[in-house]
Amino acid sequence: MEENYEIRYMLEEDIEAVLIVENNSFATPWSRTAFVNELINNKFAHYLVIEHKATIIGYCGIWVIVDEAHITNIAIHSLYRGLKLGKQLLVHAIELARTLGATKVTLEVRVSNHIAQSLYSNLGFQPGGIRKNYYTDNQEDALVMWVGL
């Protein structure tokens, strides 16, 4: 990763910038309230951001409950995709999960999102099942993927 990209913990004051990435990335984006709740009230939640020249260009959320981590969401702004920044961010999140005691990580991904599935597979994630009609915008199924740490 180039020196002008920095990965750090998300702060409450980052939410407005994260919402720009969120709205750029998802058909049914999370609200400001959802992010505030994650950062302030969810003791299991840990969020990272990736910055380029002090501008947030991506983020990743992870819940760590006992020995299991769940990637809640990950996004890179469309202007910065294809630079392997999502991979760097996910690697950091997985390392954070390991540090916090997780022995496995899970996530859901749209069955149509082959680019993301390829990234996850390259990091060792394996398919574990299907969640039918998981996505509320179009009732698309989610592929559940797992990796052991």
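Keep in mind that this is a model prediction, so the values were computed, not measured. (Residues numbered from 1 in each chain as written. Predicted model: local features only at pLDDT ≥ 70, side-chain atom pairs only at ≥ 80, totals over all residues. Heavy atoms only, no water.)

**Comments concerning the overall build of the chain**
Along the backbone of the chain there are four helices and seven strands. Ordered by position from N to C terminus, the α and β elements of the chain give β-α-α-β-β-β-α-β-α-β-β. Here the C-alpha atoms of the chain give a radius of gyration of 15 Å, agreeing with the 15 Å that 2.2 N^0.38 yields for 149 residues. Dimensions of the chain along its principal axes, counting C-alpha atoms only, are 40 × 35 × 35 Å. (Helix = DSSP H or I, 4+ residues; strand = E, 2+ residues; numbered from the N terminus. Rg over C-alpha atoms; globule rule 2.2 N^0.38 Å.)

**With respect to the nonpolar core**
Core analysis: the largest hydrophobic core is formed by 29 residues, its most contacted members being Ile50, Ile62, Ile71, Leu89, Tyr120 and Phe125. Looking at this core, the elements with two or more residues in it are strand E1 (5-9), strand E2 (45-52), strand E3 (55-65), strand E4 (68-76), helix H3 (85-99), strand E5 (104-110), helix H4 (114-122) and strand E7 (142-148). Ignoring sequence-local partners within four residues, the contact set of Leu89 consists of Ile7, Leu48, Val49, Ile50, Gly58, Tyr59, Cys60, Ile74, Ala75 and Ile76. Ranked by size, the runner-up nonpolar core spans 12 residues in total, among them Ile15, Val18, Leu19 and Val21. (Core = buried A, V, L, I, M, F, W, Y, C linked by side-chain atoms within 4.5 Å. Buried < 20%, exposed > 50% of the residue type's maximum accessible area, 1.4 Å probe, protein only. Contact = heavy atoms within 4.5 Å.)

**Comments concerning the packing of aromatic side chains**
Scanning all chains against the criterion turns up five aromatic pairs. For the pair Phe35 and Tyr47, a centre-to-centre distance of 6.3 Å together with 75° between the ring planes defines the contact as edge-to-face. Placement of the pair is Phe35 in helix H2 (residues 32-40) and Tyr47 in strand E2, with a sequence separation of 12 residues. On the basis of relative accessible area, Phe35 is assigned to the buried category, the value being 0%. By relative accessible area, Tyr47 is classed as buried at 2%. One aromatic cluster is present, formed by Trp30, Phe35, Tyr47 and Tyr59 through successive ring pairs. (Phe/Tyr/Trp six-rings, centres within 6.5 Å; stacked < 30°, edge-to-face > 60°.)

**So, a nonpolar patch on the surface**
Side chains of Phe44, Ile65 and Val66 sit close together on the surface and give an oily, nonpolar patch of about 270 Å² of accessible area. Its place among the elements puts Ile65 in strand E3. Exposure remark for Ile65: the relative accessible area of 37% places this residue in the partly exposed category. (Patch = residues over 30% accessible without salt bridge, like charges linked within 9 Å, V, L, I, M, F, W, Y side chains within 5 Å. Areas by Shrake-Rupley, 256 points an atom, 1.4 Å probe, with all protein chains shown as cover. Salt bridge = Lys/Arg side-chain N within 4 Å of Asp/Glu carboxyl O.)

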